[in-house]
Amino acid sequence: MDYLSLAETFEKIEATRKRLEMTDMLAELFSQTSINEIEIVIRLTQGKLAPDFEGIEIGIAETLARKAIYEATRVDEKKILEWWIKDGDLGSVAFQAVSMKKQTSLFTEKLNIAIVFDSLLQISKASGSGSQDLKMKLLAKLFHDSTPTEARYIARTLNGKMRLGLADMTIIDALAVTYATKEERDKVVWAYNTCSDLARVGKLLAEKGINGLDEIELEVGVPLKAMLCERLPSIPEIIEKLDGKCAFEYKYDGLRIQAHINKSGIELFTRQLENVTSQFPDIVEMLAPAFKGQECVIEGECVPVDINTGEMLPFQTVSRRRGRKHELDSAVEEFPVNLFLFDCLYLDGQDFTQTPYTNRRKMLESCITETDRVKLADVLITDDFEKAEEYFQNVIGKGGEGIIAKSLAEDSYYRAGSRGWNWIKFKRDYKTEMADTVDLVIVGAFSGKGKRAGGYGALLMATYNADEGHFETITKLGSGFDDEMLAALPEMLEPHKINKPNKLVNSKMQADYWFEPSIVLEVRGAEITLSPIHTCAMNLVKENYGLAIRFPRYMGIIRQDKGPEDATTTEEMLALYEIQSNRGGE
Ligand code: AMP
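Conventions adopted
- Residues numbered from 1 in each chain as written.
- Predicted model: local features only at pLDDT ≥ 70, side-chain atom pairs only at ≥ 80, totals over all residues.
- Heavy atoms only, no water.
- Helix = DSSP H or I, 4+ residues; strand = E, 2+ residues; numbered from the N terminus.
- Rg over C-alpha atoms; globule rule 2.2 N^0.38 Å.
- Buried < 20%, exposed > 50% of the residue type's maximum accessible area, 1.4 Å probe, protein only.
- Contact = heavy atoms within 4.5 Å.
- Domains from an automatic or database assignment.
- Near = heavy atom within 4 Å.
- Polar contact = N/O pair within 3.5 Å; in protein donor to acceptor, adjacent residues only side chain to side chain.
- Nonpolar A, V, L, I, M, F, W, Y, C, P; charged D, E, K, R; others polar.
- 1 Å grid on protein atoms, 1.4 Å probe; cavity = no way out; pocket = protein on both sides within 12 Å on 5 of 7 lines; lining within 4 Å.
- Points joined across faces, edges and corners; volume = space filled by probe spheres on them.
- Lys, Arg positive; Asp, Glu negative; His and termini not counted.
- Salt bridge = Lys/Arg side-chain N within 4 Å of Asp/Glu carboxyl O.
- Phe/Tyr/Trp six-rings, centres within 6.5 Å; stacked < 30°, edge-to-face > 60°.
- Lys NZ or Arg CZ within 6 Å of the ring centre and 35° of its normal.
- Core = buried A, V, L, I, M, F, W, Y, C linked by side-chain atoms within 4.5 Å.

Across its full length, the protein chain carries 20 helices and 21 strands. Against the compact-globule benchmark of 25 Å for 586 residues, the protein chain has a radius of gyration of 25 Å, which places it among compact chains. Structurally, the protein chain occupies a C-alpha span of about 80 × 60 × 50 Å along its principal axes. Put simply, the protein chain has 586 residues, and 54% of those count as buried. For the protein chain, restricting intrachain contacts to residue pairs at least 6 apart in sequence, the fraction spanning at least 24 positions comes to 72%.

Printed below as a string of structure tokens:
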């Protein structure tokens, strides 16, 4: 397939906000794609060279990319820099430069998707001496052979930000429309949540139809999407929802880890499917002697601890471990962690995801010998409200943030990638202020005044509307930032800056700066109110009103484990609003 056809489809997708239209355009694209090309088409649409868990990044610094654009077009470097500063979008810089191209050459090669993909793959693999030159040459050649539209999307692929506004679920919808029936969509979703690789799912569908997905199974070394929880406001309601009896587990506050163990070793993945094995050599070291079987996939929470007192420390401490690739030894020593295991998805050749909770817990108990550093999640199984309440108070007394109730039903399966009523969380915060902290995405910012002059004064925060695939503003966040965070904000937000609101952001407010929805912060507010200026759940509670958070405070936690689409959803906000309204009426 010509890369131009793909780039032109991207252009059309970018121009619409409507999810259904995007799905139709993608479905048309897929129907014109050959079986041999479907994988590449899906990867390039996602702006990726491989599934997330493989951790393959193109690794081109933005300065090198600008230089390559210059080499290919000979447009004044100052002009290129100017466009970059104004727009912050390498795609638009490349588009403009290629449109103005001074160098005309007879030797341009028509780009097809394989050439583009292979060149980018070569760039990503280049390492060692001479690699910068090689990357530069390959990239300049791509830009040299590009039309302006092609150049736009090649440039955007470099940092994986295609700006198409496409959620994975839209690609899944399009795959289902093209290769399956409406009823079979759930199977496509299941396949994706199990293998975490949309291109693989697409290839199987194109090759063998819906039955091709039967080949997908849980594999050690390939992370599954994490199962998620619902929430309810009281323990009696939880017990009732879970048929009168359930397991209450300690809710540990740390970093969720999916550990894959087999003969070749141990690999660790986060909830975002990032392979963090090299960042947590201590977990690898402590898991090896605790595991008694041959191979497994188990899940748990890695929690920072004070090794002298055994006390669990605040979650932020573990985030200080992240990204410390260079001073690893000192980080391991300074911020030690323990692992609390709560699920067993696979053990010695058997997939347990489609078995009930009690069985998975039994398997976990059978394959783990507890040590000082590796423990099983604490659990109480009961049908008694009072005992459950006492357990909850006990957890809080120990500094825990709450409990997770787990269904004991026959069908209490591990539902990869979905939020469901098999797990229900209940946190301390329900008893105070707003019913819970929420995780909101930064979509914009306002210039600072007074002490904050020259920096950002407040951030415009949004929830994720999962049905529409949009981000909806809910509050202006200005408190809870310490000086260190205030100073760090501009640099942190710079790579995400854009010159107008992202098309998936619904905002009635005019911010001074806009960002690609990327960074998620934990926020607590005094209460949820109705507001005509925020778009979260607009018109759903009251006409022309959305939901807003009064007196929001940043809780000091950047949710590095959450992407923008993992932020608190609009639906969850509505549920919290309902909880709050009911409580007020008691
Ligand atoms: P939240 O991030 O507030 O939605 O809470 C869900 C998270 O709690 C999960 O993704 C896990 O990382 C974490 N967690 C802590 N303890 C447990 C447990 N016993 N069972 C399941 N998840 C747990």
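After that view, the rundown keeps rolling.
Along its sequence, the protein chain is carved into domain 1 (3–157), domain 2 (228–427) and domain 3 (438–582). For domain 1 versus domain 2, the separation of C-alpha centres amounts to 41 Å.

Turning next to the site of the ligand. As a structural note, the neighbourhood of the ligand is formed by 15 residues, with E249, R256, E301, K406 and K425 the closest of them. Taking K406, its side chain carries an N or O atom lying 2.8 Å from a nitrogen atom of the ligand. Going through the elements one at a time, β2 (246–250), β10 (402–407) and β11 (419–427) are the ones with two or more residues in the shell around the ligand. If you tally residues by element for the shell around the ligand, the top one is β11, at 3 residues. Looking at the shell around the ligand residue by residue, the class counts come to 6 nonpolar, no polar and 9 charged.

Moving on, we come to the environment of L20. Structurally, L20 is set in helix α2 (residues 19–31). Its relative accessible area of 67% is what places L20 among the exposed residues. Separated by 154 residues in sequence, L20 and A174 place their C-alpha atoms 9.3 Å apart.

So, on to empty space enclosed by the protein. For the structure on display, the rule yields 4 cavities of 30 Å³ or more. R43, Q46, K48, P51, D52, D168, Y192, S196, D197, L198, K225 and L273 are the residues that line the largest cavity. Partitioned by chemical class, the residues of the lining of the largest cavity number 4 nonpolar, 2 polar and 6 charged. The volume enclosed by the second largest cavity comes to roughly 50 Å³. Along the walls of the second largest cavity sit R17, R19, M22, G165, A167, T170, E468, G469 and L504, which together make up its complete lining. For the lining of the second largest cavity, the class distribution of residues is 3 nonpolar, 3 polar and 3 charged. When residues of the lining of the second largest cavity are assigned to domains, at least three map to each of domain 1 (3–157) and domain 3 (438–582).

This paragraph deals with the side chain of E301. On the secondary structure map, E301 appears in strand β5 (residues 296–304). For E301, which is buried and forms no salt bridge, the nearest opposite charge comes from R256, at a distance of 5.7 Å. Polar contacts involving the side chain of E301 include one to the main-chain amide nitrogen of G254, which spans 2.9 Å.

Here the focus is the packing of aromatic side chains. Across all of its chains, the model carries 10 aromatic pairs by this definition. Ring plane angle 15° and centroid distance 4.3 Å describe the contact between Y250 and Y252, whose orientation is recorded as stacked. Across the pair, Y252 and Y250 agree in class, each one buried. A centroid spacing of 5.8 Å and a plane angle of 85° characterise the contact between Y456 and F515, whose relative ring orientation is edge-to-face. Placement of the pair is Y456 in strand β13 (residues 456–465) and F515 in strand β17 (residues 513–515), with a sequence separation of 59 residues. Judged by relative accessible area, which is 0%, F515 ranks as buried. For K476, the ring lying beneath its charged end belongs to F446, and the centroid distance is 4.2 Å. One cation-aromatic arrangement involves K542 over Y545; the distance from NZ or CZ to the ring centre is 4.3 Å.

What follows deals with the nonpolar core. Burial of nonpolar side chains together is a common tendency in soluble globular proteins. Formed by 90 residues in total, the largest nonpolar core has its most connected members in Y3, F30 and F143. A domain-level breakdown of this core finds at least three residues from each of domain 1 (3–157) and domain 3 (438–582). With residues near it in sequence (within four places) discarded, F143 still touches A65, A68, I69, A72, A94, V98, K101, A151, I154, A155 and L158. One finds I239, V297, A416 and W423 within the second-largest nonpolar core, a separate group that totals 34 residues.

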